[in-house]
Each structure stands twice: as structure tokens, then as C-alpha cells.
Amino acid sequence: MRELMQQLPFVYFGGMALICAILVVVSRVAIYSAMALLGMFVHVAGLFILLDAPFLAGVQLLVYAGAILVLYLFVVMLLNVHGRGAQLQRQTPWAILLSLLAIGEMGYLLTKSHFYPKLPAIPHPSVPTLGNTETIGMVLYTQYLFPFEVASIVLLIALVGAIVMARGRSGIRLE
Amino acid sequence: MVPLSWYVTLSALMFVTGLVGVLIRRNIVVVLLCIEIMLNAVNINFVAFSDYLHLIDGQIFVFFVITVAAAEVAIGLGIIISLFRLKESVNMDDYNLLKL
């Protein structure tokens, strides 16, 4: 019974995330896809909380559901693709074949894998543990300082690149 | 306790959903959304193993994945907007020329 109570949240969050992911793929209107993606982000954040990563759950909600999704909605509404993007049909046979191949490969791997229902638990490190956020901060600013700086440069380049590309040049406009 | 294999299975299913979406959809905005699904599937794997092994490094990598996803979205949507100005379409099949 206690086992079930622990597994029920996983089944809910995982199942909803998977259903929302499938809805993103099969929705005919782009804005419904974006909304289903919002549901997926929220439920993945729930999974992160189940996995003892509350700080990442917050980041997931803030960055993905707050920033990235708004950007998508902005572009979908700006481009006015309502009704035009409904082209799930008339795909080339190669794409269907490749996706069936991918599904078959994943099914084969999942059925052939040997899953241990009870993996031996790894003992906690004996050092006194800080909270989740403190630990992430400590490791991020000491061990992963250089990748952190590189990430800031990546974001800066993305910022400049997005402005340059979305601004457009007056010479290439239609009409 | 939820077994680790459940998380790995969920992650695999979500990844293949995103992959199929990239392959069969033609709306370029939806293709970018499907790439986000794949990145999230990878994040679930990272956090699940981080929790199982009691190592924080997996969660740090999720940070970098989120950073790269944000950069990719900003650049990708910029490219989509400027392509839409040229072709008046979001269908991937219309983007068959690199030149004007």
C-alpha cells in the first residue's frame, strides 16, 4: 500500500507528461501544440520534485514555462499560422518509414533490456549534506565554473544573433 | 520507491515521441517544439540518475541543457521569422533554397 502511494505520483506526472508530448505531435493547430507543451513542462517539473530536485523544478517552470513558451506563443501569433500549419498528412513515405523504424527500435530496446526491479541502494555520502539549492550553487561555482562562463557567452551570442536575424534587412523584404 | 527503470522507460518513450514529431510534422514551429520534448526527456534521465547515484552533477548538466535550449529557441525563432518574411510560409518544404 505504501509502495503504491509512492508510485502513484510518478504514474500521474509521467503519464500526463507523455500524453501532453503526444498531443504536441498530433495537434493540427500550432497554438494547441504550444499549450500541450506547457502541460508537459509543468508535469516534468512535478517529476523533478519527486526526484528531490526542487530547485530544478523551479527553474523548469520559470525558464521553460515562463520564458521559452511565451516566446513560442509570440511567434505563433505573430506569424498567424492558424489553420495553415495543419499538415500532418501527405508526408513522404521516407519520413513515415523512419519514424516507424525509430518506434520499432525503441520497442525492441525496451523489451530486450533487462530491468532490475530492485537496484541495490547506493548509500548516501557521509559528509553532512546541504540543501539542494546550496549544493547546486557550491558545485556550479567551483567545479563547473568554466562551463558556467561558457554558457554565459552562448547566451550572449544567442541574444545578439536573435536580434540580428529577426530585425531583417530592408533590401530583402517582399512587396 | 519508484524503480529507476520506470524513469528510463518514460524518458525513452518521450524521446521517441519527439523524434517522430520531428520526422512527420511539416510546420517548422511544431518541429522546434518537438526538439524541446526531446531535450526534456534527456533532462528526466539526468535528474533520475542524479537522484539514484546521490551525485549533484546530473542536475548541473540539466542547467546547461536548459541554457542551450534557451539559446536554440531564440536563434531558431529568429531564423523562422526571417524565413517567414521571405517565403510567407511555415511549411518546411517551402524552404528548399538557401539563396533567394
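Note that the coordinates shown come from a computational prediction; the quantities given were computed from them, not determined experimentally.

## Some words on the interface of chain B and chain A
- Tallying the contact residues gives 62 residues for chain B and 69 residues for chain A.
- For the side of chain B that touches chain A, the element with the highest residue contribution is helix H3 (residues 57–87) of chain B, accounting for 22 residues.
- Residues of the side of chain B that touches chain A, tallied by class, amount to 44 nonpolar, 13 polar and 5 charged.

## Focus on the domain arrangement of chain A
- Partitioning chain A into domains gives domain 1 (1–86) and domain 2 (130–170).
- Just the C-alpha atoms count here: the centres of domain 1 of chain A and domain 2 of chain A sit 23 Å apart.

## Let's talk about the packing of helix H2 (residues 28–53) of chain B against H3(B)
All names here are of chain B.
- Relative orientation of the contacting elements H2 and H3 amounts to 175°, with a least axis distance of 9 Å. As the angle between them shows, H2 and H3 are arranged roughly antiparallel. From H2, Ile28, Val29, Leu32, Glu36, Leu39, Val42, Asn43, Phe46, Val47, Phe49 and Ser50 reach across to H3, where they touch Asp57, Gly58, Gln59, Phe61, Val62, Val65, Ala69, Val73, Gly76 and Ile80.
- Residues belonging to the contact of H2 with H3 are distributed by class as follows: 14 nonpolar, 5 polar and 2 charged.

## As for the environment of B:Trp6
- As for its placement among the helices and strands, B:Trp6 is situated in helix H1 (residues 4–24).
- Taking the number of C-beta atoms within 10 Å as the measure of exposure, B:Trp6 has 16 and is therefore partly exposed.

## Concerning the confidence of the model for chain B
- When the pLDDT values of chain B are averaged, the result is 88; 97% of them are 70 or greater.
- Confidence estimates for the predicted assembly give a pTM of 0.86 and an ipTM of 0.91.

Rules used in this analysis
Residues numbered from 1 in each chain as written. Chains lettered and ligands numbered in written order. Predicted model: local features only at pLDDT ≥ 70, side-chain atom pairs only at ≥ 80, totals over all residues. Contact = placed C-beta atoms within 7 Å. Helix = DSSP H or I, 4+ residues; strand = E, 2+ residues; numbered from the N terminus. Nonpolar A, V, L, I, M, F, W, Y, C, P; charged D, E, K, R; others polar. Domains from an automatic or database assignment. Axes fitted to C-alpha atoms, helices over the stretch in contact; angles between N-to-C directions. Parallel < 35°, antiparallel > 145°, perpendicular 65-115°, else oblique. Buried ≥ 20, exposed ≤ 12 C-beta atoms within 10 Å, placed from the backbone. pLDDT = per-residue confidence, 0-100.

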